[in-house]
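A look at the structure
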Amino acid sequence: MAGMLAGKVALVTGAGGGIGRDFALAMAAQGAKVVVNDIGASVSGEGKDAGPAHKVVEEIKAQGGAALANTDSVAEWESANHIVRTALDAFGRIDCVVNNAGILRDRFFFNMSVEEWKAVIDVHLNGTFYVSRAAAPHFKSQGSGCYVNMTSTSGLIGNLGQANYSAAKLGIVGLSKSMALDMAKYKVRSNCIAPFAWSRMIGSIPTETEDQKARVEKLKSMHTAKIAPLAVYLASDAAAEVSGQIFGVRANELFLFSQHRPIRSVHRAGGWTPEAIAEQAIPALRAQFYPLERSQDVFSWDPI
Ligand code: NAI
């Protein structure tokens, strides 16, 4: 099949539904052979169902594309290796890994259990490491490859009740940058996407008050399929010079996110005491302090 990804093999984790399903369909439509990985879990990561991954493979085949289902979990090293081996056994190579699988276990930090913390870190941060690491030797030896990693403004900016998820998603940003740096000399690229999309993952927002109902109606305009063109582009050779970046997509808006750099400094001959920090440094730095904002405070306008 001709297209921007002709001849390439893409592995999309969590591709049985939501954003990942649209990635798999769009990549196949652009000529990639796609491994559709999905454990078929609930939003909180419980249960298993081979149905969703197989259904997406059928959809791709019905469009004339090539795809294979895999239902291993990203959250363990052995099974993550098996996902990558599935791609190699079926299609003989691997060109793009999209780390998209995800779960939520929201809870205020002061009530969050160790199990809720670990479950979310395992799927998002550890899962991204395991699958990426399993593909790395193949990328290195072929001198090409790319990672597309899903992050979130819950990590980049902040959100209530998501300490596990925010930490995992910001961890993925650091991991993505490290992969970009460590593998640049092998022409391997790594980028992040922070999506905004109406999927089952944000379908649990309460709709009790009129305000909440209105907000959710707006969120429904953010279709999951709107995220896919950027992922296809990042996986293609057209993005050969694009690595180590963090993008955002919300309906018809595309964003490039900033990355941490010093924004102001103060210097004091002879060094600082705690008292001098209180009297001089903090008043000088305070103008640049960030307010305790959440994602929705920064993205304060309606999706376009
Ligand atoms: P979704 O819940 O529809 O899709 C996630 C998929 O991952 C599910 O099909 C699930 O079965 C699969 N999965 C869960 N655990 C797995 C495991 N251990 N191994 C393999 N597959 C597993 O959610 P959605 O919204 O499509 O999310 C996709 C990605 O985008 C996630 O990483 C999410 O954190 C991220 N994201 C989504 C946002 C949104 O607005 N929907 C906002 C910010 C980030």
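Bear in mind the structure is a predicted one, so any value in this text is a computation, not a measurement.

The rules behind the values
Residues numbered from 1 in each chain as written. Predicted model: local features only at pLDDT ≥ 70, side-chain atom pairs only at ≥ 80, totals over all residues. Heavy atoms only, no water. Helix = DSSP H or I, 4+ residues; strand = E, 2+ residues; numbered from the N terminus. Rg over C-alpha atoms; globule rule 2.2 N^0.38 Å. Buried < 20%, exposed > 50% of the residue type's maximum accessible area, 1.4 Å probe, protein only. Phe/Tyr/Trp six-rings, centres within 6.5 Å; stacked < 30°, edge-to-face > 60°. Lys NZ or Arg CZ within 6 Å of the ring centre and 35° of its normal. Axes fitted to C-alpha atoms, helices over the stretch in contact; angles between N-to-C directions. Parallel < 35°, antiparallel > 145°, perpendicular 65-115°, else oblique. Left-handed = near helix turned anticlockwise from the far one by under 90°. Contact = heavy atoms within 4.5 Å. Nonpolar A, V, L, I, M, F, W, Y, C, P; charged D, E, K, R; others polar. pLDDT = per-residue confidence, 0-100. Expected span 1.5 Å × (residues − 1). Arc of directions from axis to C-beta. Near = heavy atom within 4 Å. Polar contact = N/O pair within 3.5 Å; in protein donor to acceptor, adjacent residues only side chain to side chain. Areas by Shrake-Rupley, 256 points an atom, 1.4 Å probe, with all protein chains shown as cover. Pairing = 2+ DSSP bridges.

Here the focus is the overall build of the protein chain. A tally of helices and strands in the protein chain yields ten helices and eight strands. For 304 residues, the compact-globule formula gives about 19 Å, and the C-alpha radius of gyration of the protein chain, at 21 Å, lands near that figure. Projected onto its principal axes, the C-alpha coordinates of the protein chain cover approximately 65 × 50 × 40 Å. For the protein chain, the proportion of its 304 residues judged to be buried stands at 46%.

This brings us to the packing of aromatic side chains. Taken as a whole and assessed by the stated rule, the structure comprises nine aromatic pairs. Both rings, one in Phe108 and one in Phe110, keep their centres 5.5 Å apart while their planes meet at 5 degrees; by these two values the pair is stacked. According to the relative accessible area criterion, Phe108 is partly exposed, its value standing at 43%. Judged by relative accessible area, which is 64%, Phe110 ranks as exposed. Here Phe129 and Tyr130 contribute two aromatic rings whose centre-to-centre distance is 6.1 Å and whose plane-to-plane angle is 65 degrees, an arrangement assigned as edge-to-face. With a relative accessible area of 19%, Tyr130 lands in the buried category. What links up through ring pairs into an aromatic cluster is the set Phe196, Phe255, Phe257, Phe299 and Trp301. The lysine or arginine in question, Arg250, covers the ring of Phe196, its NZ or CZ lying 5.8 Å from the ring centre. Positioned above the aromatic ring of Trp301 is the side chain of Arg250, whose terminal nitrogen or guanidinium carbon lies 5.0 Å from the ring centre.

Time to look at the packing of helix H1 (residues 18-29) against helix H8 (residues 228-235). Direction vectors running N to C along H1 and H8 enclose 55 degrees, while the axes themselves pass 9 Å from each other. Considering the angle they form, H1 stands oblique to H8. Considering how the two elements wind past one another, H1 and H8 form a crossing that is right-handed. Residue-level inspection shows Asp22, Phe23, Ala26 and Met27 of H1 in contact with H8, the latter providing Ala228, Ala231, Val232 and Ala235. Across the contact of H1 with H8, the residue classes tally to seven nonpolar, no polar and one charged.

Taken over all residues, the pLDDT of the protein chain has a mean of 96, while the share at 70 or more is 99%. Across the protein chain, element-level confidence peaks in strand S4 (residues 96-99) with a mean pLDDT of 99 and bottoms out in helix H7 (residues 210-219) with 78.

Taking 1.5 Å per residue, twelve residues should reach 16 Å; helix H2 (residues 51-62) reaches 16 Å between its end C-alpha atoms and fits that length. By the burial criterion, the buried members of H2 are Ala53, Val56, Val57 and Ile60. The arc enclosing the buried residues of H2, seen along the axis, measures out at 105 degrees, which places them on a common side. In H2, the exposed positions that point more than 90 degrees away from the buried face belong to Lys55 and Ala62. Packing partners of the buried residues in H2 comprise H1, strand S2 (33-37) and strand S3 (66-70).

This next bit is on the packing of helix H3 (residues 77-91) against helix H4 (residues 114-142). When two helices pack together, their arrangement is given by the angle between the helix axes and the distance between those axes. At a minimum axis distance of 8 Å, the contact between H3 and H4 shows a crossing angle of 45 degrees. Viewed along their axes, H3 and H4 adopt a mutual orientation that is oblique. H3 and H4 meet at a crossing whose hand is right-handed. Mapping the contact onto sequence places Trp77, Ala80, Asn81, Ile83, Val84 and Leu88 in H3 and Tyr130, Val131, Arg133, Ala134, Ala135 and His138 in H4. Across the contact of H3 with H4, the residue classes tally to nine nonpolar, two polar and one charged.

Once that is clear, we can look at the environment of Ala26. Considering the arrangement of structural elements, one finds Ala26 in helix H1. Classification of Ala26 by relative accessible area gives partly exposed; the value is 21%. Not counting residues up to four positions away in its chain, the partners in contact with Ala26 are Ala228 and Val232.

Attention shifts here to the site of the ligand. If you check the shell around the ligand, you find 28 residues, and the closest are Ile19, Asp38, Asn100, Tyr165 and Ser199. Interatomic distance of 2.6 Å between a side-chain N/O atom of Tyr165 and an oxygen atom of the ligand. Interatomic distance of 3.0 Å between a side-chain N/O atom of Lys169 and an oxygen atom of the ligand. For the ligand, whose unbound accessible area comes to 820 Å², protein coverage reaches 96%. Sorting the residues of the shell around the ligand by element identifies H1, H4, helix H6 (163-183) and strand S6 (188-196) as the ones contributing at least two each.

On to the pairing of strand S7 (residues 246-250). Regular strands place their side chains on alternate faces of the sheet. Most of S7 is tucked away: five of the five residues are buried. By the bridge criterion, five bridges tie S6 to S7 in an arrangement that is parallel. Note that in S7 the partner of Ile193 across the bridge is Phe247. Strand direction decides the pairing type here: S7 and strand S8 (residues 253-256), joined by four bridges, are antiparallel.

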